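In case you want the letters, here they are:
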Amino acid sequence: MATPADQILPFLQHALRQIPQDAEDSRRLDRTLRRMERHPEKGFFQALGRAPAPTCGIWAAYLLSLLQQWQDTRTQDHAVTLPALRELHPSSGDAHCNRLLDALCKVLAALGWSVWEAAEDAGDADVLAHQLASAADALLALGQADQAYDFLSLALYAAGPGMPAERERMARQAIALAQAAQRPHQVAVCTVMLAKAVQEIADSAPDQRLRAFELTEIAIERLQQCPPPWRSPAAHTLLGHVQSRGWLQLLAVPLLLLLEPDQQPPGLAEQLGVAGWLPRVATGRLQDRVERLHDQIGLQRWEIAIDQARHALEAPGATANPRVHPITWTLEHHAHRRAVPHSHSFLRERDFDRHLVELAHETTHVLSYLGHLGAAITCLRLANHDNESVLWSLAVPPGTPREELHRLFAQGPAPLPAGDAGQLLRASVGVELAAKARALQDIWTPWLEGLAVFGETAADPAADPHRIHRVAETLRGLVDFIAPGGDTPAQLQMRLHAHVQEFEQRSAQAIARWSPVRLAQMLRRADAPYFAGYAAVRSVVASWRRTLGAPLSGAQAFDLLLHATRFSTSPAIPDLSLPSDVFEPAARQAMTDWVRGLAGLDAHMLTLYLQAEGGRMLVWDGFRLVPPGPGDAPAVERQAAWVATRMAQALATSTTPHDARERAGWNGPCAALAARYSRAMSAYRRSADGMAAQKRLQGLVDERITLGSLLAIGRTDAAFHLVCDPAAGQSMLMLQLRTTEAHVDTGQPSSNVLWLPISTRAGQAVAEHYTDTAEPRMQVTRVIDLAGLLAPGQPAHLLALRYGEWFSVRGTTPQADALLQADAERAEHLHAMLRMRLHPTPAERMVGEQFFAEDGALERTLGWLADPAPWRDADDPVPAAPWAARIAGVARQALDPAARGARVTAAARAMLAALLPGATDLVRGIVDAGFQQLTAGAPQLRSATIDLLLTTARAPLASADADALAAQLQAQGVALFHTTPAGWDVRPATTEATSP
């Protein structure tokens, strides 16, 4: 039986022969051997002599002589002392050769110990494996990649079960060498070793099981690519590991099919319903290959089962509080973190009703930002990004390589030199811009939350006879309308009508079932201004109903509310250059003026918007809706001009007359210093370079808003099969899409098969990446084009596919696909924006991280200001304490959660007070007490109050029960409802109508 030494020694001999000997080495060795013949009592190093030190070539010759005598037990005993001999007689020469000699001596010592102890010990095996891996590292440094791979292979086989992390490292290194040498059998065998190592890691670390599962899938793919002589034995070694772990057992199916037929269990193909595990990528006649995939129903069934096993290992999304990130405008929802809605799967989710109202709420938030408010906040944040970029340009030397810049940027905001008064203006600009962006966000939070609550609980799309509101239109698109070919126009119209009707019925059911629960949950929460915002929105709607004197459904009101929030708020946003302490009260006052003006829309304006689909094409001029005139600039040009004005304001932060008046109260030298730097910055902004920078930032505003309008709503890693037909000039991609998180019938994930024709070039890109990585899944993301980049005025639904560097965008329906094909320029722009949104390059990610990293920059500035170093301007000391104190105060306020909460509360109070100036007690109760405390005197009425709020949100209610409830609430001092000719409604705003 072969011993470890029998397997390892030939490789050691080969490695030692790579260490060169020169003529002097040969002469010295000859002299040494003659001395040993004359003096047999002397050992090799005694005969060699102490000077000069032995070279690497002499040490290699010495070790080769030992290998020739290895069967002599005295040689094996002597091998144990080799590491000590290396310390006593270190060799001169090349560092890499010395490193190799050190490692080989330790390998021989480990082999000597194993023989001396006459038993294999796990600890000795680990030591041997570690030294073999060290020898591989040394050989690699010497440029001997093939031998390095051999030693890593030996190390992997020698390693015991107690070192899976080290085996993982060695396997990854071996795979890289095998790939570089283009040896698929070595890649496959080492990938199997890697998968086994990570499986063992996952045995004691369950959070590693998904990684182990994915690596096992890749190992199976590598075995598919492996030549037959090696495939079956390697598959067999992996099979035992897989079958012994319940969470991996389904992966035994493809492994069994990779064994030689005589090694497979009898009747395997019949039991599995699969004749063979088809290759992931195949080349041939398209029709034949696709038909073969179609026929493999068993294959699809097992791939679905494997996907469900993988799903069980993925970290589940939190089930509570779906949210939209206020800066990135990305939506997080637990049901769409691991599944992509496709075809009718959205309707098949077990919790469809709850998901629909939650998504309606969050989609309202995203759409609300796609207007003046979001653009203004984006201007402030991009101006801050520009300011931070300048600080970085001062912090790094010119010519710094891009990779080093990326590394530095990843560490956080730009460093500020201690005591450098020249940076105070930049620091001031940064904290002021951050403070104003947060102020605008906080001041509008009550209204935005109220609008979202109203939309999800009252905006039943079936209640609007003229059109579907934008949120419902967006969500309806999650159910793909795919008409079969051959329909007449009348039949197609009937199918479309049935499609719309089904969604509207399901929406009505969802709102009816979940709105009581959702409204109760949100009104009772004290951590967000839901009650105050909802009451304000309801007051505006009640005012419109009073003005119209005619029915106004919740859906109709919501459509107009959302349109006004997006496109009429420009006057409600103050000059962005104002100092933050002036900006905040101005923004709060402007917001309350806007809400009061909105409530006062006259009947003509309301009717003009509501009467037909064309209402959305009207333009807001203050509180007037007017059609675009024939001489008006196009909407794109008007938006660009608006952004240019707002960006110029943001860039003027800390350099305005307001700032100069405040600085007048500081000590003379400090005020003069600030004034000097302010003048310099203003001069730069007026210069050609400054204007160019502003223009670039204006383009970035459009880019950031466009990115924000691409709403990802579902992502999955889909198993695929690719068929390439070079003769036909086409390829076909089959995707196994996970389409529900929990199907209504099973509570388990479900899947759809999607067939996509792709170009030969695309097929080649996918095939090449598969050859390189053996990844059996590609990332698929569903995206809603909210801004209408593809189809102006319509929220198109798209699938974004990514596999390595290949990225493709497809429509979820033939109609959307046709739009992509019809306008190449528009499709190319959409493709670029989607790639940037979903898969940014390092440089794009760097911009995004700076854009989102306000907290880090504010904390950096506070730390810098707290440094005790004296302030200096160049080399001159300056008394800059007043300026530093001002900046620190703004930064602390911007970071303080309590201050932000107080700002939200103040905005809610001001908004309601503006709508209901004569109802001080009611306003105080809604804002300061909250729903629970406001109704504390009659807790038994809470459920009925919520029901009446929901009913009257859709239309006023006239009933004896409503009369009684309103009277009981009034007796408790809760004058929330108001009677109208049509019935009870929430108390309308007490404001005069705005004249046209």
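Note that the structure is predicted; figures quoted are calculated from it, not measured. (Residues numbered from 1 in each chain as written. Predicted model: local features only at pLDDT ≥ 70, side-chain atom pairs only at ≥ 80, totals over all residues. Heavy atoms only, no water.)

## Observations concerning the overall build of the chain
At step 1: Secondary structure assignment for the chain yields 41 helices and 15 strands.
At step 2: Projected onto its principal axes, the C-alpha positions of the chain cover 125 × 85 × 60 Å.
At step 3: Every one of the 996 residues in the chain was classed for burial, and the buried ones make up 54%.
At step 4: Long-range contacts, defined as pairs at least 24 residues apart, comprise 73% of the intrachain contacts of the chain with a sequence gap of at least 6. (Helix = DSSP H or I, 4+ residues; strand = E, 2+ residues; numbered from the N terminus. Buried < 20%, exposed > 50% of the residue type's maximum accessible area, 1.4 Å probe, protein only. Contact = heavy atoms within 4.5 Å.)

## Structural notes on the pattern of salt bridges
At step 1: Applying the stated criterion to the full structure yields 55 salt bridges.
At step 2: Residues Arg 777 and Asp 307 are paired through a salt bridge, measuring 3.1 Å at the closest nitrogen-oxygen approach. Separated by 470 residues along the polypeptide, Arg 777 in strand β9 (residues 777-785) and Asp 307 in helix α17 (residues 297-313) bring together distant segments of the chain. Neither Arg 777 nor Asp 307 differs from the other in exposure class; each is buried.
At step 3: When salt bridges that share partners are traced, they join Glu 214, Glu 217, Asp 307, Arg 310, Glu 314, Arg 338, Arg 715, Asp 717, Arg 738, Glu 741 and Arg 777 into one network. (Salt bridge = Lys/Arg side-chain N within 4 Å of Asp/Glu carboxyl O.)

## Remarks on the nonpolar core
At step 1: Ranked by size, the top nonpolar core spans 162 residues in total, and within it Leu 424, Leu 440, Trp 444, Trp 447, Phe 454 and Leu 561 carry the most contacts.
At step 2: No other element matches the 19 residues that helix α21 (residues 424-458) contributes to this core.
At step 3: Sequence-distant contacts of Leu 424, that is, excluding residues within four places in its chain, are made with Trp 864, Leu 865, Trp 871, Ala 880, Trp 883, Ala 884 and Ile 887.
At step 4: In terms of nonpolar packing, the next biggest core, distinct from the first, is built from 100 residues, Leu 48, Leu 223, Leu 255 and Leu 259 among them. (Core = buried A, V, L, I, M, F, W, Y, C linked by side-chain atoms within 4.5 Å.)

## What about the side chain of His 797?
At step 1: Mapping His 797 onto the fold places it in strand β10 (residues 796-803).
At step 2: Among the residues examined, His 797 registers a relative accessible area of 6% and is labelled buried.
At step 3: Reaching out from His 797, the side chain makes a polar contact with the backbone oxygen of Thr 474 at a distance of 2.9 Å.
At step 4: There is a polar contact of 3.3 Å between the side chain of His 797 and the side chain of Arg 782.
At step 5: What His 797 contacts, discounting residues up to four positions off in sequence, is Thr 474, Gly 477, Leu 478, Arg 782, Val 783, Ile 784, Gly 811, Thr 812 and Ala 816. (Polar contact = N/O pair within 3.5 Å; in protein donor to acceptor, adjacent residues only side chain to side chain.)

## Digging into helix α12 (residues 209-225)
Residues that lie three or four places apart on an α-helix share one face, since the helix turns once every 3.6 residues.
At step 1: If you check α12, its first and last C-alpha atoms are 24 Å apart, about what 17 residues at 1.5 Å a residue would give, namely 24 Å.
At step 2: Counting buried positions along α12 gives 12 out of 17 residues, so the element sits mostly inside the fold.
At step 3: For α12, the complete set of buried residues consists of Ala 212, Phe 213, Leu 215, Thr 216, Glu 217, Ile 218, Ala 219, Ile 220, Glu 221, Arg 222, Leu 223 and Gln 224. (Expected span 1.5 Å × (residues − 1).)

## Description of the environment of Ala 180
At step 1: Looking at the secondary structure, you find Ala 180 in helix α10 (residues 164-180).
At step 2: Along the primary structure Ala 180 and Ala 219 are separated by 39 residues, whereas in three dimensions their C-alpha atoms are 18 Å apart.

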